[in-house]
Amino acid sequence: METIYFKGTPCHTYGNIPAVGTKAPCFSLVSKDLADIRCQDFAGKRVVLNIFPSLDTPVCAMSVRKFNKEAAGLDNTVVINVSMDLPFAMARFCATEGIDNALVASAFRSPTFAQQYGLQMVDGPLAGLLARAVIVLDEEHNVIFSDLVEEITNEPDYDGAVSVLKR
């Protein structure tokens with residue numbers, strides 16, 4: 001269990017975020033067109049998992065825009081933006097914002113994702129949603145960067161995530 005904060009109020013997660021040096025759990029998520037997105041789809045690629053509560057918040061939307069611009073254009077790298085938002089809302093957001101370099105994926109049908117990655121908030125005002133985190137995986141899906149944002153209303157460490165991809 002991890003402790004994070006929402007506007008200073010302590011919240012807890014189900015389990016712990018995967019640590020650097022560990023193998024990432026396989027995942028199955030839902031794309032904006034309702035197709036399955038599975039970890040196997042990205043075999044041999046580096047993956048940035050930008051995980052957040054909802055696209056309907058300014059900080060979450062900013063993180064999607066930033067990773068679309070900063071990381072999605074890097075060689076052999078795919079950015080997957082993950083939340084519990086419905087795929088229809090994600091599709092509208094991408095169309096409105098011109099998000100075309102990064103994928104969006106919903107965990108609404110995948111409770112095991114939130115639990116295996118230790119990011120489901122189990123209490124507090126946002127209970128049931130995902131905590132804000134960035135996890136970067138290498139080509140073998142080993143964790144090479146892991147950042148659980150302590151205060152949910154803060155942005156993630158973009159520079160840290162991108163720097164491990166540029167090595």
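Nothing here was measured: the structure is a model prediction, and the numbers come from that model. (Residues numbered from 1 in each chain as written. Predicted model: local features only at pLDDT ≥ 70, side-chain atom pairs only at ≥ 80, totals over all residues. Heavy atoms only, no water.)

Draft legend 1. Local environment of the sheet that holds strand β7 (residues 103-106). Pairing is mixed across the open sheet formed by seven strands, whose spatial order is β4-β3-β7-β6-β5-β8-β9. Where the open sheet ends on each side, the last strands, each with one partner, are β4 (36-38) and β9 (143-148). The mean inter-strand angle of the sheet, taken between neighbouring strand axes irrespective of direction, is 30 degrees. As paired strands, strand β3 (residues 28-31) and β7 are joined by two bridges and run antiparallel to one another. Each residue of the ladder has a partner; that of Val30, found in β7, is Ser106. In the packing of helix α1 (residues 58-70) onto the sheet, the strands contacted are β5 (46-51), β6 (77-83) and β8 (133-137), and the crossing angle to β5 comes to about 165 degrees. (Pairing = 2+ DSSP bridges. Helix = DSSP H or I, 4+ residues; strand = E, 2+ residues; numbered from the N terminus. Axes fitted to C-alpha atoms, helices over the stretch in contact; angles between N-to-C directions. Contact = heavy atoms within 4.5 Å.)

Draft legend 2. Representation of the environment of Val78. In this fold, Val78 is placed in strand β6. It is 13 Å that separates the C-alpha atoms of Val78 and Ile99, two residues lying 21 residues apart in sequence. Discounting chain neighbours no more than four positions away, the residues touching Val78 are Phe42, Arg46, Val47, Val48 and Leu103.

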